[in-house]
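A closer look at the structure
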Amino acid sequence: MRTRPPMSTLLDRLDVQWRKSTRSKDADTCVEVTSNVRAAVGVRDSTDPHGPKLLLDRPAFGEILAAIRSGAHDL
């Protein structure tokens, strides 16, 4: 398995607190979010905390949440 070097992003340089969804319970595979970035929401894969991260403005994050809740991204 190929490993990638840690990515240095704004989210890596800030002191942010990541949290899992309350719906994930004890699952190891989950999306984590941080909302203590001004005017934005950070998103990362809990199984790869040093991997890529997304930084979305709050309206875009709200649109994604609405789509997920509507079932638009169900597998």
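The notes below deal with the structure included here. (Residues numbered from 1 in each chain as written. Predicted model: local features only at pLDDT ≥ 70, side-chain atom pairs only at ≥ 80, totals over all residues. Heavy atoms only, no water.)

**Regarding the sheet that holds strand β4 (residues 53–57)**
For clarity, the threshold we go by: Strand pairing is assigned whenever DSSP detects at least two bridges linking the two strands. Helix numbering and strand numbering both begin at the N terminus, where a helix is a DSSP run of H or I of at least 4 residues and a strand a DSSP run of E of at least 2. Should any heavy atoms of two residues lie within 4.5 Å, those residues are considered in contact. Comment: axis = line fitted to C-alpha atoms, over the contacting stretch for helices; angle = value between 0 and 180 degrees taken between N-to-C directions.
The strand order across the open sheet formed by four strands is β1-β2-β3-β4, and the pairing between neighbours is antiparallel. A strand with exactly one partner marks an edge of an open sheet, and here the two such strands are β1 (19–20) and β4. Here strand β3 (residues 40–45) pairs with β4 via five bridges, running antiparallel. Considered in β4, the bridge of A40 is made with D57. Running over the sheet, helix α2 (residues 58–70) touches β2 (31–37), β3 and β4 and is turned about 105° from β4.

**Some details on unusual backbone geometry**
For the record, the criterion: Per-residue accessibility, obtained with a 1.4 Å probe over protein chains only, is compared with the maximum for each type, and a residue is labelled buried under 20%, exposed over 50%, and partly exposed between these values.
Its identity is not glycine, yet A39 carries a phi of approximately 65°, on the positive side. Its place among the elements puts A39 in the loop between β2 and β3. On the accessibility criterion, A39 (52% relative accessible area) is exposed.

**Quick notes on the pattern of salt bridges**
Let me state the cut-off plainly: Salt bridge, as used here: a side-chain nitrogen of Lys or Arg that lies within 4 Å of a carboxyl oxygen of Asp or Glu.
Scanning all chains against the criterion turns up one salt bridge. Residue E32 pairs with R44 through a salt bridge whose shortest N-O separation is 2.7 Å. Residue E32 is found in strand β2, and its partner R44 is found in strand β3; the two are separated by twelve residues along the sequence. Residue R44 is classed as buried on the basis of its relative accessible area of 15%.

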